[in-house]
Each structure stands twice: as structure tokens, then as C-alpha cells.
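# An overview of the molecular structure
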Amino acid sequence: DVKVTQSSRYLVKRTGEKVFLECVQDMDHENMFWYRQDPGLGLRLIYFSYDVKMKEKGDIPEGYSVSREKKERFSLILESASTNQTSMYLCASSFSPQRKYFGPGTRLTVL
Amino acid sequence: QKEVEQDPGPLSVPEGAIVSLNCTYSNSAFQYFMWYRQYSRKGPELLMYTYSSGNKEDGRFTAQVDKSSKYISLFIRDSQPSDSATYLCAMTMKTSYDKVIFGPGTSLSVIP
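These numbers were taken from a predicted model, which means no experiment stands behind them.

## Here's the deal with the pairing of strand β6 (residues 54–58) of chain B
All names here are of chain B. Note that β6 and strand β7 (residues 61–66) share 5 bridges and pair antiparallel. Considered in β7, the bridge of K56 is made with A63. Connecting the antiparallel pair β6 and β7 is a turn made up of 2 residues, with G59 showing a positive phi of about 65 degrees.

Here it is in C-alpha cells:
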């Protein structure tokens, strides 16, 4: 059974803190993604990676960075958390554009 | 105009009803059309996808694409309480991993 896991289900942080969200997949996929999901806005792509140490900006990269040191692990970093980054964060991996495997999500609240 | 539009609902139907979920889109270059299901507090999971126009059936689910009208539908026959979830449409051009555009989702409740 394929699996994408995320380090935390719920996270509460204070404004200005550095936040790390981690994602691990066990499917040997080359492509990994970070999305945020907000009501009425759908899924918006923050960053994606198509190989180890490779990264590409998505539609809303401002305020975020990523790291991919190993094929199975893709981390999202909020350099200085702000209240407008309160959201559901979803990690995904894929081997084809049509099928993405999503993790359970991390609900981040920034106070 | 948003690239993909979807009625957010919520949609509430009795068990056994036929459900129709729809999305419209503006980019005629889209060729792959997907439907994801997302249960509460879970990540989305792919239900089915179609390429270009036409219908695709999988058990109680039928996906339909009308490229001339830029309109896609997901039909659920004999709906069950376990179908209660948010349904996200998504679409992409042929080979772009990153350019998958998701609709905002329609929340469906199937009442026993």
C-alpha cells in the first residue's frame, strides 16, 4: 500500500517562528509537491521537486522554501511564519501528472 | 475568470440518489481531467481520470468530459453515506507535472 506521511497533523506556531514541515514517501517517486489548501481557493502549488536537490517554484512560493536531500523526503520551510500562512498543507508525490498521492495534511495555525 | 470553477456546495442528497458534480474550465489546452475525493481530515485521493473527451465508468462512478463546452462531470449512482466527502476536479495539459489545476471542491453529504 503506497504511503505519503507528514510529520505533524496539527501545528500551532507563533508569528516570526521558523517552521519545518516534513514529508516522506515510500513509492520511489521522483516528483514531490507541496500544496496549501484554503476554503474556496482549492489546492495551490507552493513548490515542487522532480529530483533530489532540485526544486521549482509553484504558484505561491513567497515566504516558503524547500529542501530535498533524499529522494523520499521533501521538506517545506516557513522562514518566518505569518498569520496569513495559517492553512492546511498537503504533500504529494507522483510518477505521472494524472495521479498524485497525497499525505494526510498538516493543519498549521500561526498566532 | 478562474481557470477552473466548481460549485462548492454543500450538496446534501438521500442515500440511493444519483449525484452529479460538475466543473467548468477556461483553458482549452487541458487534456487530462481528474476527480479526487477528500474525506474529512484526510488528503485527496484519485478516483478516476479521463483523457480528452468522452465517458469513463468505474463501478458506481462515471466521469464525463465535454471539451466543446469546457465542462466535466462526475456522476455517482446509488450514492452511499460513505460517499460523503469533498470532490475536487483537476485538470492538466499533456505532460506537465506541476501545472495541474485543482477546483475548490464540492462538499457532498449522503444522508442515510
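Next comes the rest of the account.
## Remarks on the sheet that holds β6 of chain B
Residue and element names in this part refer to chain B. The sheet built from 5 strands is open, its strands ordered β1-β3-β8-β7-β6 with antiparallel pairing. Every interior strand has two partners, whereas the edge strands, β1 (4–6) and β6, have only one. Neighbour to neighbour, the strand axes of the sheet diverge by 15 degrees on average, direction disregarded. Strand direction decides the pairing type here: β1 and strand β3 (residues 19–25), joined by 3 bridges, are antiparallel. Bridge pairing links V4 to Y25 in β3.

## Here we look at the packing of aromatic side chains
With the rule as written, the count across this model stands at 13 aromatic pairs over all chains. Ring geometry for Y25 of chain B versus F33 of chain B: centroids 5.3 Å apart, planes at 45 degrees, classification tilted. Accessibility expressed as a relative area gives 5% for Y25 of chain B, which makes it buried. Given a relative accessible area of 1%, F33 of chain B falls into the buried group. Within the aromatic cluster, the residues linked to one another by ring pairs are F33, Y35, F48 and F102 of chain A together with Y36 and F102 of chain B. Against the face of F33 of chain A rests K100 of chain A, its NZ or CZ located 4.3 Å from the ring centre. Above the ring of Y49 of chain B, the side-chain terminus of K56 of chain B is found at 4.8 Å from the ring centroid.

Rules and cut-offs
- Residues numbered from 1 in each chain as written.
- Chains lettered and ligands numbered in written order.
- Predicted model: local features only at pLDDT ≥ 70, side-chain atom pairs only at ≥ 80, totals over all residues.
- Heavy atoms only, no water.
- Pairing = 2+ DSSP bridges.
- Helix = DSSP H or I, 4+ residues; strand = E, 2+ residues; numbered from the N terminus.
- Axes fitted to C-alpha atoms, helices over the stretch in contact; angles between N-to-C directions.
- Phe/Tyr/Trp six-rings, centres within 6.5 Å; stacked < 30°, edge-to-face > 60°.
- Buried < 20%, exposed > 50% of the residue type's maximum accessible area, 1.4 Å probe, protein only.
- Lys NZ or Arg CZ within 6 Å of the ring centre and 35° of its normal.

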